[in-house]
Amino acid sequence: MDRTAPAAPGPRSRGGKAPTLEEVAARAGVGRGTVSRVINGSPRVSAPTRAAVEAAIAELGYVPNRAARALAANRADAIALVVPEPEARFFAEPYFSDIVSGVGEALAETGMQLLLTFAGGARERRRLAQYLAAHRVDGVLLVSVRADDPLPDLLAGTGIPTVISGRRSAAEPLPSVDSDNAGGARTAVAHLLSRGRRTIATITGRLEVYGASCRLDGYRRALTEAGHAPDESLIAVADFTEEGGRRAMRELLARRPALDAVFAASDVMAAGARQTLRAAGRRIPDDVALIGFDDSAIARHMDPPLTSVRQPIEEMGRAMARLVLSEAGPTPPGKPEPGAGPQQLVLPTELVVRGSS
């Protein structure tokens, strides 16, 4: 039974050794199990007992052994953020750093460690599968996944809770966090139409990425709703890179030199498109209006500043972390019961209008 009054003060650890759990228990006048429950945040401890244990911890300078706690609870106290992309793209794309920032902020509240790993090739995927099979993490966050990527199914086979950033399809079987890609693109194109632009081109990302195909759908929907039939010659497929934006813009100018607006499916591609437009003598926005997607630092620092669709990337990272922790832990109030289907969160986007449009 818990005792609510602390025992008389005893000596601190001798010989300069770190204080032990048993010494904390003796100082607080409770059992070892009670100290363990306090450290692990169990509600099965009375307020006076909790205060006595916390006072003993402070007096002795006791630091819980995190590894031992994790082992006892059959947990690793770690979440893996898996990026199936080359490292060069990870460090070049502001999207990834914002996701990491949001995930890190949410995990900092829990004390969980964040492990970043790249799995762009078959060899890396096999190594990752072996690592995860040993249950060295409690959950996995997966970003930037193509529709045909085998990695999500591989992770699902490990039984480790996995949350994906950006659905692979409308029927995504894994819990996911996404932004309203179609709605954001639709708003961007509607804005261009409202400014009197009529020959509106788009530069898409890789269309095997569901989010990129949704942005293309939003582009087409806005034109259709305004009574303009989408023109396939005004659509150029790229790969979310700056060079891809440059190349796609050259293609569009060759096909339709009279175009007067471009919606690029990322700020990075918009930056590449801007370079091509300027090299061709086109002024922005006088001759060609330009809009990107992400509202990254790139958008704010362009000349003129880039109108862009803001997706709440850091909030997406925070939501992913909270969701995977919910999946990895016991069923809390409000969490869907098993069999209720995976949670699919879609966060709203916002058009930030600047000088480029």
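Refer to the preceding data block for the structure.
Small disclaimer: the values here were computed from a predicted structure and weren't measured.

A. The arrangement of empty space enclosed by the protein in detail. Evaluation of the coordinates by the stated rule reveals one cavity of 30 Å³ or more. In this structure, the largest cavity encloses a volume near 340 Å³. Those elements that provide at least two residues to the lining of the largest cavity are α6 (94–108), β5 (176–179) and α10 (210–225). Along the lines of polarity and charge, the residues of the lining of the largest cavity split into nine nonpolar, eight polar and seven charged.

B. A look at the nonpolar core. Core analysis: the largest hydrophobic core is formed by 45 residues, its most contacted members being I203, M249 and L259. Where this core is concerned, the elements lending two or more residues are α9 (181–194), β6 (200–204), α10, β7 (235–237), α11 (242–255), β8 (261–264), α12 (267–279) and β9 (289–294). Setting aside chain neighbours within four positions, we find L259 in contact with T199, A201, L234, M249, L252, L253, R282, D287 and V288.

C. Expanded view of the packing of helix α1 (residues 21–28) against helix α2 (residues 32–39). Between α1 and α2, whose axes approach to 8 Å, the crossing angle comes to 100°. When the axis of α1 is compared with that of α2, the two are roughly perpendicular. Every residue of α2 that contacts α1 at L21, E22, V24 and A25 is listed here: R32, V35 and I39. For the contact of α1 with α2, the residue count by class is five nonpolar, no polar and two charged.

D. Layout of helix α14 (residues 313–328). Between the first and last C-alpha of α14 there are 22 Å, a value that for 16 residues agrees with the 22 Å anticipated at 1.5 Å per step. Among the residues making up α14, those that are buried are I313, M316, G317, R318, A319, M320, A321, L323, V324 and S326.

E. The arrangement of the sheet that holds β7 in detail. Ordered in space as β7-β6-β8-β9-β10-β12, the six strands form an open sheet in which the pairing is mixed. Each edge of the open sheet is held by one strand with a lone partner, namely β7 and β12 (350–352). Averaged over all adjacent pairs, the angle separating strand axes in this sheet is 20°, with direction ignored. Taken together, the three bridges between β8 and β9 define a ladder with parallel strand orientation.

F. Layout of the pattern of salt bridges. As enumerated under the stated definition, the model contains 20 salt bridges in all. Linking R318 and E105 is a salt bridge whose minimum nitrogen-to-oxygen distance equals 3.3 Å. Pair noted here: R318 is in helix α14 and E105 is in helix α6, with a separation of 213 residues, a long-range link. Through salt bridges with shared partners, one network takes in E105, E314, E315, R318 and R322.

G. Region of interest: unusual backbone geometry. In this model, I284 is joined to P285 through a cis peptide bond whose omega is 5°. Mapped onto the secondary structure, P285 falls in the loop between α12 and β9. Residue D303 is joined to P304 through a cis peptide bond whose omega torsion reads 0°. For P304, the location among the structural elements is in the loop between α13 (297–301) and β10 (307–310).

H. Broad picture of α10. Taking 1.5 Å per residue as the helical rise, α10 with its 16 residues ought to reach 22 Å, and the 22 Å between its terminal C-alpha atoms agrees with that figure. Of all the positions in α10, only Y210, G211, A212, S213, C214, R215, L216, G218, Y219, A222 and L223 are classed as buried. On its buried face, α10 is in contact with α9, β6, β7, β8 and β9. The positive-phi residue at the C-terminal boundary of α10 is G227, with phi of around 85°.

I. Summary view of the pairing of β9. Here β9 lies mainly inside the structure; six of its six residues are buried. Regarding the hand of the β-α-β motif, the stretch spanning β8, α12 and β9 is right-handed. Both β9 and β10 contribute to a ladder of four bridges, which runs parallel. Along β10, the bridge assignment pairs G292 with S308.

What counts, and where the lines are drawn
- Residues numbered from 1 in each chain as written.
- Predicted model: local features only at pLDDT ≥ 70, side-chain atom pairs only at ≥ 80, totals over all residues.
- Heavy atoms only, no water.
- 1 Å grid on protein atoms, 1.4 Å probe; cavity = no way out; pocket = protein on both sides within 12 Å on 5 of 7 lines; lining within 4 Å.
- Points joined across faces, edges and corners; volume = space filled by probe spheres on them.
- Helix = DSSP H or I, 4+ residues; strand = E, 2+ residues; numbered from the N terminus.
- Nonpolar A, V, L, I, M, F, W, Y, C, P; charged D, E, K, R; others polar.
- Core = buried A, V, L, I, M, F, W, Y, C linked by side-chain atoms within 4.5 Å.
- Buried < 20%, exposed > 50% of the residue type's maximum accessible area, 1.4 Å probe, protein only.
- Contact = heavy atoms within 4.5 Å.
- Axes fitted to C-alpha atoms, helices over the stretch in contact; angles between N-to-C directions.
- Parallel < 35°, antiparallel > 145°, perpendicular 65-115°, else oblique.
- Expected span 1.5 Å × (residues − 1).
- Pairing = 2+ DSSP bridges.
- Salt bridge = Lys/Arg side-chain N within 4 Å of Asp/Glu carboxyl O.
- Right-handed = clockwise from strand over helix to strand, strands pointing away.

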